[in-house]
Amino acid sequence: MKKLGTRQIVPLIIAAICTVFLITGLNKFGFWNAKKLSPTPAFVPSIICVLLIAICLITVITSLKKEGKAKYSKDEFLIILAGAAVVGCTYLIGMLPALGLFVILWLRLVEHTPWKTVLIIFAIIAALVIGVFVLWLGVRFPTGLIYNAIFNQ
Amino acid sequence: MDNLQNLLMGFATVFTLERLAVCGLGAILGLIVGAMPGIGSLAGCALLLPLTYKFEPTAAIIMLGALYYSNMYGGAFSAILLNVPGDSPAVMTTLDGYPMAKKGQPGQALLTANVSSCIGGILGMIILTFMGPMLANFGLKFGPAEMTTLMIMAMTSIGWLLGDDPLRGTISTLIGFVLASIGMDTLTGAPRYNFGSLHLMGGIPFVPFVIGAVGFSQVISLMMERYNGVEMPKDKLTIRGSLLNRSQIKRLLPPAIRSGIAGTFIGVLPGSGATAASFLGYAMQKGFKNKEPLGSGAVEGIAACEAANNAAAAGSFAPLLALGIPGSGTGAVLLGGLMMWGLNPGPLLFTNNPEFAWGLIASLFIANIVALLIAMSIIPNLVKILAVPVKYMIPIITTICFVGAYATSQSMYGVIVMVLSGIAGFFFKKADLPVAPMLLTFVLSPIFEQNMRRAFISSGGSLDIFVGSPLSTAFLVITLLLVCSPAIKAAVKKIRGPKAAQTKE
């Protein structure tokens, strides 16, 4: 039997999620309100889930006959990891320092960029974010646990 | 003729130095804010609304109109240059805009978007000028059943038309439904599919979701090609260098005019707005002959969606001004702005405040032209973004994605949604699942579900309501044709095949 690849695993995951939605929705709301002669909140999602499960299974079966596999690179997962690290660091040191740290570390450690270029890119991003989002639009970015512990005691 | 005279009166109102300057200022600010991913026209208008306090009422309303229109232009910039849509109507622009920019024609891609936006906007304004009240009444004929069948048609067309594999296109279309069903039920207000989470009770925020699914997933994909440079024009890019040639103009005009007209009518329908218009404009273009396949950087693709979304922006003024019903979220902000200045949109607006009403319509015409001229003049500077090596763009776009996601949701929940949808979008690409149909249904399914359930309630659970009116029957027939079109096409090909071969022999 052919080994399952991304083209089959993703539809299978979608089908599994739909099954959870289908069971949760029907258990909580039911399908049709016979008293009011109207659909329940789970009416449309249940129909969609049944359709999705069926189409996903058909797609998995038909794609097994086809050739071709998705290729992955280590670098692609590096940026996902970096994104997750920025989210984690935001809770600790705040969003803007976390993003600043990400830009510097990424350019220095992953791209091996010279310091001069790193500083130019950092300055451009800082000007854009602080100038537009912080000063003009007045967005208050999260400051993180450490900042809060020091300044908001 | 009365309308034309009134419009000329409106132009006379606008043509003072102060009001033209205000219009220009509104256009520039709107362009900048509209181009920022994650802000878009709704937030852009809301954020810039306080600026109008500094002006006299007519000038303030002229500025509002200019802000609104140029916001629509700005959304295409980051969509074309960075593959990050500035707002939801620009999602479709990424499909052809970014590939065209990558083919070494970023100036042409931006100009195509801007010229098409202008054509769509002007067409929409002309239709609005002469048919405004009539269009508003037509929009009101759309009851729950008509809106339901219209939405079915919209979603069916996009699912089947996008991507080579209709089954995978349908999967993507339906996932949008499932994701949109998370949160409060639109009719009863009961939480559903939130699995006990307070954040999920508010649903999945659209803008962070789009930024992730389109923008952050693109950053992940860029990792593979970060050492391949983008083909840039060898000479320094000037406004003249980014002008469209005769063949490109010929390719741009028909889709822009078609989508401009269709977009205006879609914009009139309450709740449908520019996003639905841009999706439908693109889907409609799929049915016509294109010199290059859509999705590969075709002029026709950019023209169709950009003209449709700007025309819809104009169309939404019909119910807003004539009946006081905003067609979109941005329309609601504008309505708030108008009311702030003592204007009460409705049937009496044109009789009681003709100077304001026609001044606003005239300012929209001028804002359209001013936004085009300003956008054209900054194209050479904007295009320089593409000369930046991809490896440097990765941290820049990632930062914009994070900041944009936070700015719109004002919570880390939005940022987490952005990252997760980016990862999901990346695996979707690997599994050959198109992302765009999912985004379309995510926007349209709440409108669809709400209307469908209302239709069922009003008919006592009977399906007859969906075939009870000529409009909804027509939409259902078109849907059926769309679903069957691949089979019909294959059958026609089979019949024609032997005949064509015989003729050749």
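**Topic: the overall build of chain A**
Turning to step 1, where the next piece is worked out: Along its length, chain A carries six helices and two strands.
Turning to step 2, where the next piece is worked out: Here chain A holds 153 residues, and the buried ones make up 39% of them.
Turning to step 3, where the next piece is worked out: Accessible area of chain A: about 8800 Å², with a carbon and sulfur share of 73%.

**Side note on the overall build of chain B**
Turning to step 1, where the next piece is worked out: Scanning chain B for helices and strands turns up 21 helices and two strands.
Turning to step 2, where the next piece is worked out: Within chain B, buried positions represent 59% of all 505 residues.
Turning to step 3, where the next piece is worked out: Counted over contacts in chain B with a minimum sequence separation of 6, partners at least 24 positions apart contribute 79%.
Turning to step 4, where the next piece is worked out: Surface summary for chain B: the accessible area is close to 18700 Å², and the carbon and sulfur share equals 68%.

**A short note on the packing of helix H3 (residues 74-93) of chain A against helix H4 (residues 95-110) of chain A**
Residues and elements named next belong to chain A.
Turning to step 1, where the next piece is worked out: Running from N to C, H3 and H4 point in directions that differ by 145 degrees, and their axes come no closer than 8 Å. Between H3 and H4 lies a crossing whose hand is right-handed. Here Leu78, Ile79, Ala82, Val86, Cys89, Thr90 and Ile93 of H3 lie close against H4, whose contacting residues are Met95, Pro97, Ala98, Leu99, Leu101, Phe102, Trp106 and Val110.
Turning to step 2, where the next piece is worked out: Residues that form the contact of H3 with H4 fall into these classes: 14 nonpolar, one polar and no charged.

**Overview of the packing of aromatic side chains**
Turning to step 1, where the next piece is worked out: Under the defined criterion, the tally for this structure stands at 20 aromatic pairs over all chains.
Turning to step 2, where the next piece is worked out: Between Tyr72(A) and Phe427(B) the ring centres are 6.1 Å apart and the planes differ by 50 degrees, which places this aromatic pair in the tilted class. Note that Tyr72(A) is positioned in the loop between helix H2 (43-65) and H3 and Phe427(B) in helix H19 (residues 412-430), a pairing that runs across two chains.
Turning to step 3, where the next piece is worked out: On the basis of relative accessible area, Tyr72(A) is assigned to the partly exposed category, the value being 33%.

**Brief notes about the pattern of salt bridges**
Turning to step 1, where the next piece is worked out: All chains considered together, the criterion is met by nine salt bridges over all chains.
Turning to step 2, where the next piece is worked out: Here the salt bridges share partners, and the residues they tie into one network are Lys103(B), Arg251(B), Glu292(B) and Glu300(B).

**Overview of the interface of chain A and chain B**
Turning to step 1, where the next piece is worked out: Counting from both sides, the interface comprises 68 residues of chain A and, opposite them, 65 residues of chain B.
Turning to step 2, where the next piece is worked out: The largest per-residue losses of area from chain A upon contact with chain B belong to Phe21(A), Glu111(A) and Trp136(A), which jointly make up 11% of the total buried on that side.
Turning to step 3, where the next piece is worked out: Here chain A and chain B share two salt bridges between them.
Turning to step 4, where the next piece is worked out: Arg7(A) serves as the salt-bridge partner of Asp432(B), at 2.0 Å between the closest nitrogen and oxygen.
Turning to step 5, where the next piece is worked out: Along the contact surface separating chain A from chain B lie eight residue pairs in polar contact (both at pLDDT 80 or more).
Turning to step 6, where the next piece is worked out: Elements represented by at least two residues in the side of chain A that touches chain B include exactly helix H1 (6-29), strand S2 (38-39), H2, H3, H4 and helix H5 (115-136) of chain A.
Turning to step 7, where the next piece is worked out: The residue makeup of the side of chain A that touches chain B, split by class, is 48 nonpolar, 12 polar and eight charged.

**Observations regarding the side chain of Arg192(B)**
Turning to step 1, where the next piece is worked out: With respect to the helices and strands, the residue Arg192(B) is situated in strand S2 (residues 191-192).
Turning to step 2, where the next piece is worked out: On the basis of relative accessibility, which here comes to 2%, the residue Arg192(B) falls in the buried class.
Turning to step 3, where the next piece is worked out: Engagement of the side chain of Arg192(B) in a polar contact is seen with the side chain of Glu449(B), the distance being 2.8 Å.
Turning to step 4, where the next piece is worked out: Beyond its immediate sequence surroundings of up to four residues, Arg192(B) is in contact with Phe29(A), Pro41(A), Pro45(A), Ser181(B), Ile182(B), Gly183(B), Asp185(B), Glu449(B) and Arg453(B).

**What about helix H13 (residues 299-315) of chain B?**
Turning to step 1, where the next piece is worked out: Between the first and last C-alpha of H13(B) there are 24 Å, a value that for 17 residues agrees with the 24 Å anticipated at 1.5 Å per step.
Turning to step 2, where the next piece is worked out: Of all 17 residues that make up H13(B), 17 are buried, and the element is covered over most of its length.

**So, the environment of Met284(B)**
Residue and element names in this part refer to chain B.
Turning to step 1, where the next piece is worked out: Locating Met284 in the fold gives a position in helix H12 (residues 273-286).
Turning to step 2, where the next piece is worked out: For the pair Met284 and Ser259, spaced 25 residues apart in sequence, the C-alpha to C-alpha distance is 7.9 Å.
Turning to step 3, where the next piece is worked out: If sequence neighbours within four positions are ignored, Met284 has contacts with Arg258, Ser259 and Ala262.

**Comments concerning the environment of Thr275(B)**
All names here are of chain B.
Turning to step 1, where the next piece is worked out: The topology assignment puts Thr275 in helix H12.
Turning to step 2, where the next piece is worked out: Among the residues examined, Thr275 registers a relative accessible area of 10% and is labelled buried.
Turning to step 3, where the next piece is worked out: In sequence terms Thr275 and Val443 are 168 residues apart; their C-alpha atoms lie 8.0 Å from each other.
Turning to step 4, where the next piece is worked out: Excluding residues that lie within four positions of it along the chain, Thr275 makes contacts with Ser88, Pro89 and Val443.

**Re unusual backbone geometry**
Turning to step 1, where the next piece is worked out: For Leu37(A), which is not glycine, the phi torsion reads 50 degrees and is therefore positive.
Turning to step 2, where the next piece is worked out: With relative accessibility at 42%, the residue Leu37(A) sits in the partly exposed group.
Turning to step 3, where the next piece is worked out: Positive phi, normally seen in glycine, also occurs at Gln410(B), with a value near 55 degrees.
Turning to step 4, where the next piece is worked out: Mapped onto the fold, Gln410(B) is located in the loop between helix H18 (390-409) and H19.

**Structural notes on the side chain of Ser278(B)**
Turning to step 1, where the next piece is worked out: Position of Ser278(B) relative to the elements: it lies in helix H12.
Turning to step 2, where the next piece is worked out: Not counting residues within four places of it along the chain, the set of residues in contact with Ser278(B) comprises Pro89(B), Met92(B), Cys305(B), Ala308(B) and Asn309(B).

**Quick word on the confidence of the model for chain A**
Caution is warranted with low-pLDDT regions, since their predicted coordinates should not be read in detail.
Turning to step 1, where the next piece is worked out: Per-residue confidence for chain A gives a mean pLDDT of 88, with 97% of residues at or over 70.
Turning to step 2, where the next piece is worked out: When pLDDT is averaged over each element of chain A, H4(A) comes out on top at 93 and helix H6 (residues 144-151) of chain A at the bottom at 85.

**Some words on the nonpolar core**
Turning to step 1, where the next piece is worked out: Ile14(A), Leu52(A), Ile79(A), Phe317(B) and Leu439(B) are the most contacted members of the largest nonpolar core, which has 180 residues in total.
Turning to step 2, where the next piece is worked out: Two domains share this core, each providing at least three of its residues, namely domain 1 (6-65) and domain 2 (74-151) of chain A.
Turning to step 3, where the next piece is worked out: In this structure, Val22(B), Leu29(B), Ala59(B) and Met63(B) belong to the second largest nonpolar core, which totals five residues.

**Points about the packing of helix H10 (residues 206-222) of chain B against H19(B)**
All names here are of chain B.
Turning to step 1, where the next piece is worked out: Packing of H10 against H19 brings their axes to within 6 Å, and their N-to-C directions diverge by 55 degrees. Considering their axes alone, H10 and H19 lie oblique with respect to each other. In this structure, H10 crosses over H19, and the sense of that crossing is right-handed. Listed contacts from H19 to Pro208, Phe209, Ile211, Gly212, Ala213, Phe216, Ser217, Gln218, Ile220 and Ser221 of H10 are Gly414, Val417, Met418, Val419, Ser421, Gly422, Ile423, Gly425, Phe426 and Lys429.
Turning to step 2, where the next piece is worked out: Each residue belonging to the contact of H10 with H19 can be placed in one class, and the counts come to 11 nonpolar, eight polar and one charged.

Reading guide: rules and limits
- Residues numbered from 1 in each chain as written.
- Chains lettered and ligands numbered in written order.
- Predicted model: local features only at pLDDT ≥ 70, side-chain atom pairs only at ≥ 80, totals over all residues.
- Heavy atoms only, no water.
- Helix = DSSP H or I, 4+ residues; strand = E, 2+ residues; numbered from the N terminus.
- Buried < 20%, exposed > 50% of the residue type's maximum accessible area, 1.4 Å probe, protein only.
- Areas by Shrake-Rupley, 256 points an atom, 1.4 Å probe, with all protein chains shown as cover.
- Contact = heavy atoms within 4.5 Å.
- Axes fitted to C-alpha atoms, helices over the stretch in contact; angles between N-to-C directions.
- Left-handed = near helix turned anticlockwise from the far one by under 90°.
- Nonpolar A, V, L, I, M, F, W, Y, C, P; charged D, E, K, R; others polar.
- Phe/Tyr/Trp six-rings, centres within 6.5 Å; stacked < 30°, edge-to-face > 60°.
- Salt bridge = Lys/Arg side-chain N within 4 Å of Asp/Glu carboxyl O.
- Buried area = accessible area lost by both parts, 1.4 Å probe.
- Polar contact = N/O pair within 3.5 Å; in protein donor to acceptor, adjacent residues only side chain to side chain.
- Expected span 1.5 Å × (residues − 1).
- pLDDT = per-residue confidence, 0-100.
- Core = buried A, V, L, I, M, F, W, Y, C linked by side-chain atoms within 4.5 Å.
- Domains from an automatic or database assignment.
- Parallel < 35°, antiparallel > 145°, perpendicular 65-115°, else oblique.

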